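Coordinate inspection notes
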Amino acid sequence: NAGVTQTPKFRVLKTGQSMTLLCAQDMNHEYMYWYRQDPGMGLRLIHYSVGEGTTAKGEVPDGYNVSRLKKQNFLLGLESAAPSQTSVYFCASTDGGDRNTGELFFGEGSRLTVL
Amino acid sequence: DAKTTQPTSMDCAEGRAANLPCNHSTISGNEYVYWYRQIHSQGPQYIIHGLKNNETNEMASLIITEDRKSSTLILPHATLRDTAVYYCIVSNTGTASKLTFGTGTRLQVTL
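Numbers given for residues are sequential positions, taken from 1 along each chain in its written order. To label them, take the chains in the order written and letter them from A, then take the ligands in the order written and number them from 1. Local features are withheld for residues below a pLDDT of 70 in this predicted model, meaning they are given only at 70 or higher, and side-chain atom pairs are given and counted only at 80 or more; totals for whole chains, interfaces and linings count all residues. With hydrogens and water set aside, each side-chain value is computed from the structure's full complement of heavy atoms.

Each helix and strand in chain B was counted, giving zero helices and nine strands. Start at the N end of chain B and walk to the C end: the helices and strands fall as β-β-β-β-β-β-β-β-β. Compactness check: chain B gives a C-alpha radius of gyration of 13 Å against a globular reference of 13 Å for 111 residues, within 12% of the reference. Along the three orthogonal principal directions, the C-alpha set of chain B runs to about 40 × 30 × 25 Å. The buried share among the 111 residues of chain B stands at 45%. Pairs of residues are marked as contacts when any of their non-hydrogen atoms sit within 4.5 Å. In chain B, the proportion of contacts linking residues at least 24 apart, taken out of those at least 6 apart, comes to 57%. About 5600 Å² of surface is accessible on chain B, with carbon and sulfur atoms providing 46% of the total. Every helix listed is a DSSP run of H or I at least four residues long, and every strand listed is a run of E at least two residues long, numbered separately from the N terminus. C-alpha atoms define the radius of gyration, and 2.2 Å times the number of residues to the power 0.38 defines the globule rule. The buried label applies to any residue whose accessible area, calculated with a 1.4 Å probe on protein chains only, is under 20% of its type's maximum; exposed applies above 50%, and partly exposed to all values in between. Each accessible area is a Shrake-Rupley estimate made with a 1.4 Å probe; only the visible protein chains count as cover when residues are assessed.

Right under this line is the structure:
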C-alpha cells in the first residue's frame, strides 16, 4: 500500500495563476482532509470531506476549493494564487463512521511557493 | 474541542526516557487525547491516543491523570530519530476527526 500520496511535491506559481493539488489514498478511507502549515506554526484545516461527493469548510477555507468525485481522491484547487498561500500543504485520511478512531494518515506534503 | 498547553521545547539524552507533558484542563467527558509527531518537514505521524485509561503501544506510553486534566507521553528509550515536534490534541471523534494541531513541543534528543 502506498498510503496517502500527494502530487506535486513542489510547485512555484506566479500571483494570479491557478493550480490543483491531488491527494490519493489506497486505504478505502471515508474521511479526507487538507491542511496547510506555515513556518513555525501548527497545521490548520482548510477543507475536509466525510465521503465521496461531500466537502466541508475547515478553519481557513478562503481562497481554496475542493472536490471529492472519487472516494480515493481529494483535490485542492487554488483559483487565483496569492503570496499568502505560500505554504506546505498536507493531505490526510482516516476511517469513517464506527471505524473512526481519530488516527489520521498523512501524506508527505506539497510545498507551494507563490511569487 | 478542548485547548491544550504544551512546553515549547524539551531536551532528552539518548537512551533516557522522554516525558512530554500536556495540560487539557477543559477536556470534556467524550474527548480523547491524541499524540502525533512531526519529524522535520514530513507529514505528522500518529503515535497513540486514549480516553481515560493509560495506553501503551510499540512506540510510546500515554499516562492520563485521573481527573483527565493532563497527560504525559512517554518515550521509554529516546533515540536521535525521536527528535521531532510532538503534538498533543484533544478531540471528539464524533466531529469527523477534525484535529486541531497547535505548535507542539519540540523534542531534541542529544548524544
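This brings us to the interface of chain A and chain B. With 22 residues of chain A at the contact, the number on the chain B side is 18 residues. Two parts placed together each lose some accessible area; with a 1.4 Å probe, that loss summed over both constitutes the buried area. The junction of chain A with chain B conceals about 1500 Å² of combined surface from both sides, 54% of it contributed by carbon and sulfur atoms. A pair is scored as a salt bridge if a Lys or Arg side-chain nitrogen falls within 4 Å of a carboxyl oxygen belonging to Asp or Glu. Run the count over chain A and chain B and you get zero salt bridges. Contributions of two or more residues to the side of chain A that touches chain B are made by strand E4 (31-37), strand E5 (43-49) and strand E9 (87-94) of chain A. At four residues, E4 of chain A tops the list of elements feeding residues into the side of chain A that touches chain B. Grouping the amino acids of the side of chain A that touches chain B by side-chain chemistry returns 11 nonpolar, eight polar and three charged. Classification used: nonpolar for Ala, Val, Leu, Ile, Met, Phe, Trp, Tyr, Cys and Pro, charged for Asp, Glu, Lys and Arg, polar for all others including Gly.

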